Amino acid sequence: MTKEPEGTPATKPTRRIDARSLRGLAHPLRMAILEALSLDGPATATVLSRRLGESTGTVSWHLRHLAEHGYIEEETGRGTKRERWWRAVNDAKLLNPAEFRDDPDTRDALAVYLHQLAQQFFSRTVTFLGEDWDGAWQQAATFSDWRDLRLTPAQLARLNQDLMAVVARHTPAPGEEPASDALPVIVQIQSFPRQEPDGA
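Colleague: It is not clear to me how the packing of aromatic side chains should be interpreted in this structure. Could you clarify?
Modeller: The way to describe two aromatic rings as a pair is by their centre distance and the angle between their planes. As enumerated under the stated definition, the model contains three aromatic pairs in all. Judged by centre distance (6.0 Å) and plane angle (45°), the ring pair of phenylalanine 128 and phenylalanine 143 falls under tilted. Residue phenylalanine 128 is found in helix H5 (residues 104–130), and its partner phenylalanine 143 is found in the loop between helix H6 (135–140) and helix H7 (153–170); the two are separated by 15 residues along the sequence. The exposure class of phenylalanine 128 is partly exposed, given its relative accessible area of 22%. Sitting over the ring of tyrosine 71, arginine 15 keeps its end group 4.1 Å from the ring centre. For arginine 78, the ring lying beneath its charged end belongs to tryptophan 85, and the centroid distance is 3.6 Å.

So this is what it looks like as structure tokens:
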């Protein structure tokens, strides 16, 4: 099960991504737009075009596509007829890749989505490493991996559930005021099996 790290079922409604909505999202620019709106809040096509290095017309087209599939919505009462503000729909997105394994019409979209998601995870990490953070934040951040686990699919699923429960415990309740020195934090969790080399 793949879960976008942008909330928990305990604090947000959950949306299960089906074949149609997966095909509507599985495009590098659409995923970049959705990420920008999710991380940085509402924006117009003009703002997003500057941020993402794309033309305003191209961004506008993809914004309408995302809205059609329910990933974003217009922020009413803001902007003009010519300059609309868009925001990400505030939900947690769940995707089960196994549901699309035998569907040739969706397999390509699934590959685009998962590879782009992995690229976003990587890019966020590289951005952090290239920035100048003070010692407290550098010490608090972590890059860790564990290589000595041997698990069944059921055990791996339970591990992921436990990890997500820990993140949920640290996720502030809606409307809760953060501490004065708090900053947005991204938690990325990747866990997957590894093929053993021949002869192992």
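Next comes the rest of the account.
Colleague: Sorry if this is basic, but what is going on with the pairing of strand E6 (residues 92–95) here?
Modeller: Consecutive side chains of a regular strand alternate in pointing toward one face of the sheet and then the other. Here E6 shows a buried face lined by Ala92 and Leu94 and a second buried face lined by Lys93 and Leu95. Where strand E2 (residues 14–16) meets E6, three bridges bridge the pair, whose relative direction is parallel. Residue threonine 14 lies in a different strand from E6, and its bridge partner there is alanine 92.

Colleague: Teacher, can you tell me more about the pattern of salt bridges here?
Modeller: It is possible for side chains of opposite charge to pair when their charged atoms get near one another. Within this structure, the stated rule accounts for eleven salt bridges. With its nearest N and O atoms 3.0 Å apart, the salt bridge here joins arginine 87 to glutamate 73. One end of the pair, arginine 87, is in strand E5 (residues 84–88); the other, glutamate 73, is in strand E4 (residues 72–79), with 14 residues separating them in the sequence. Its relative accessible area of 30% is what places arginine 87 among the partly exposed residues. The partner of arginine 84 in a salt bridge is glutamate 74, with the nearest N and O atoms 2.9 Å apart. Of the two residues, arginine 84 sits in strand E5 while glutamate 74 sits in strand E4, which places them ten residues apart along the sequence. A relative accessible area of 34% places arginine 84 in the partly exposed class. For glutamate 74, a relative accessible area of 30% puts it in the partly exposed group. Connected via shared salt-bridge partners are Glu73, Glu75, Arg78 and Arg87.

Colleague: I would appreciate a short explanation of helix H3 (residues 45–52) in the present structure.
Modeller: Among the residues of H3, those classed as buried are Ala45, Leu48 and Ser49. Buried residues along H3 cover an arc of 105° about the axis, so they all sit on one side. Here the buried face of H3 lies against helix H2 (28–40), strand E3 (43–44), helix H4 (56–68) and E5. Positive backbone phi, at 70°, marks glycine 53, one or two positions downstream of H3.

Colleague: Which parts of the structure should I look at to understand a nonpolar patch on the surface?
Modeller: Taken together, the side chains of Leu163, Met164, Val185, Val187 and Ile189 make up a nonpolar region of the molecular surface, amounting to roughly 390 Å² of accessible area. Considering the arrangement of structural elements, one finds valine 187 in the segment after H7. For valine 187, a relative accessible area of 40% translates into the label partly exposed.

Colleague: Mind showing me how you'd approach the side chain of serine 21 here?
Modeller: Mapping serine 21 onto the fold places it in helix H1 (residues 19–25). Excluding its chain neighbours within four sequence positions, the residues that come into contact with serine 21 are Arg15, His69 and Tyr71.

Colleague: Is there a simple way to think about the environment of alanine 173 in this case?
Modeller: Within the fold, alanine 173 resides in the segment after H7. By relative accessible area, alanine 173 is classed as partly exposed at 40%. Remark: the alpha-carbon pair of alanine 173 and lysine 12, spanning 161 residues in sequence, is separated by 9.7 Å.

About the thresholds
Residues numbered from 1 in each chain as written. Predicted model: local features only at pLDDT ≥ 70, side-chain atom pairs only at ≥ 80, totals over all residues. Heavy atoms only, no water. Phe/Tyr/Trp six-rings, centres within 6.5 Å; stacked < 30°, edge-to-face > 60°. Helix = DSSP H or I, 4+ residues; strand = E, 2+ residues; numbered from the N terminus. Buried < 20%, exposed > 50% of the residue type's maximum accessible area, 1.4 Å probe, protein only. Lys NZ or Arg CZ within 6 Å of the ring centre and 35° of its normal. Pairing = 2+ DSSP bridges. Salt bridge = Lys/Arg side-chain N within 4 Å of Asp/Glu carboxyl O. Arc of directions from axis to C-beta. Contact = heavy atoms within 4.5 Å. Patch = residues over 30% accessible without salt bridge, like charges linked within 9 Å, V, L, I, M, F, W, Y side chains within 5 Å. Areas by Shrake-Rupley, 256 points an atom, 1.4 Å probe, with all protein chains shown as cover.

Read these as geometric descriptors, not functional statements.
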